[in-house]
Amino acid sequence: QVQLVESGGGLVLPGGSLRLSCAASGNIFSFNVMGWYRQAPGKQRELVADISSGGTITNYADSVKGRFTISRDNAKNTLYLQMNSLKPEDTAVYYCNAQPPYYNWGQGTQVTVSS
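Residues numbered from 1 in each chain as written. Predicted model: local features only at pLDDT ≥ 70, side-chain atom pairs only at ≥ 80, totals over all residues. Heavy atoms only, no water.

Asker: Teacher, can you tell me more about the overall build of the protein chain here?
Answerer: A count of helical and extended segments in the protein chain gives 0 helices and 10 strands. Element order for the protein chain, N to C, with α for helix and β for strand: β-β-β-β-β-β-β-β-β-β. Radius of gyration (C-alpha) of the protein chain: 13 Å, near the 13 Å computed for a compact globule of 115 residues. The buried share of the protein chain, reckoned over its 115 residues, is 45%. (Helix = DSSP H or I, 4+ residues; strand = E, 2+ residues; numbered from the N terminus. Rg over C-alpha atoms; globule rule 2.2 N^0.38 Å. Buried < 20%, exposed > 50% of the residue type's maximum accessible area, 1.4 Å probe, protein only.)

Asker: What should I look at first to understand the nonpolar core in this one?
Answerer: Formed by 29 residues in total, the largest nonpolar core has its most connected members in Leu-4, Trp-36, Leu-79, Met-83 and Tyr-94. Those elements that place two or more of their residues in this core are strand 3 (18-24), strand 4 (34-39), strand 5 (46-51), strand 7 (68-73), strand 8 (78-83), strand 9 (92-98) and strand 10 (109-113). Apart from the residues within four sequence positions on either side, Tyr-94 is in contact with Glu-6, Leu-20, Trp-36, Tyr-37, Arg-38, Val-48, Phe-68, Leu-81, Met-83, Gly-108, Thr-109 and Val-111. (Core = buried A, V, L, I, M, F, W, Y, C linked by side-chain atoms within 4.5 Å. Contact = heavy atoms within 4.5 Å.)

Asker: What is the right way to look at the state of the cysteines in this model?
Answerer: Disulfide: a covalent bond connecting the sulfur atoms of a pair of cysteines. What the rule picks out here adds up to 1 disulfide. In this model Cys-22 forms its disulfide with Cys-96; the gap between the sulfur atoms is 1.8 Å. Because the torsion about its S-S bond is 60°, the bridge between Cys-22 and Cys-96 counts as right-handed. Note that Cys-22 is positioned in strand 3 and Cys-96 in strand 9, a separation of 74 residues in sequence. For the pair Cys-22 and Cys-96, a shared accessibility class is recorded, and that class is buried. (Disulfide = S-S within 2.5 Å.)

Asker: Please explain the sheet that holds strand 5 as it appears in this structure.
Answerer: Strand pairing in a sheet relies on backbone hydrogen bonds, with the paired strands running either antiparallel or parallel. Across the sheet, 6 strands lie side by side as 2-10-9-4-5-6; this open sheet has mixed pairing. A strand with exactly one partner marks an edge of an open sheet, and here the two such strands are strand 2 (10-12) and strand 6 (58-60). On average, each strand axis in the sheet is tilted by 25° relative to the strand beside it, whichever way the strands run. When strand 9 meets strand 10, the two strands line up antiparallel, connected through 3 bridges. Bridge pairing in strand 10 places Val-93 opposite Gln-110. (Pairing = 2+ DSSP bridges. Axes fitted to C-alpha atoms, helices over the stretch in contact; angles between N-to-C directions.)

Asker: For this particular structure, what's the right way to read the sheet that holds strand 1 (residues 4-7)?
Answerer: Read across the open sheet, the 4 strands follow the order 1-3-8-7; overall the sheet is antiparallel. Each edge of the open sheet carries a strand with a single partner, namely strand 1 and strand 7. Looking at each pair of strands side by side, their axes are set apart by 15° on average, direction ignored. With 4 bridges joining them, strand 1 and strand 3 adopt antiparallel strand pairing. Residue pairing for strand 3: Ser-7 is matched across the bridge by Ser-21.

That is the geometry; function is a separate question.
What follows is the structure in structure tokens.
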């Protein structure tokens with residue numbers, strides 16, 4: 001019954017930035033650890049970053065550390081991922097979910113980093 005809707009993806013040049021958003025249909029962010037995941041063509045879905053329920057503790061995959069920032073606004077039931085210094089290898093469909101994933105996956109939002 002909970003729906004997750006990702007948005008904000010697009011086509012960007014290497015070195016560019018994007019800000020992804022994830023909106024939930026219900027008030028779930030206030031009590032869940034949430035994460036951003038991505039899946040590149042031919043690859044398994046991987047956890048990119050997660051954030052504690054209160055937003056005070058964050059973790060990042062080594063591949064994105066220092067470039068991506070995860071944040072949340074529990075009052076808005078919204079999760080964000082600020083992506084800077086994007087690289088072609090960041091190209092993937094990005095999804096949000098609890099960490100570990102509990103809800104049905106949304107459609108994701110496509111991020112393409114290419115020149």
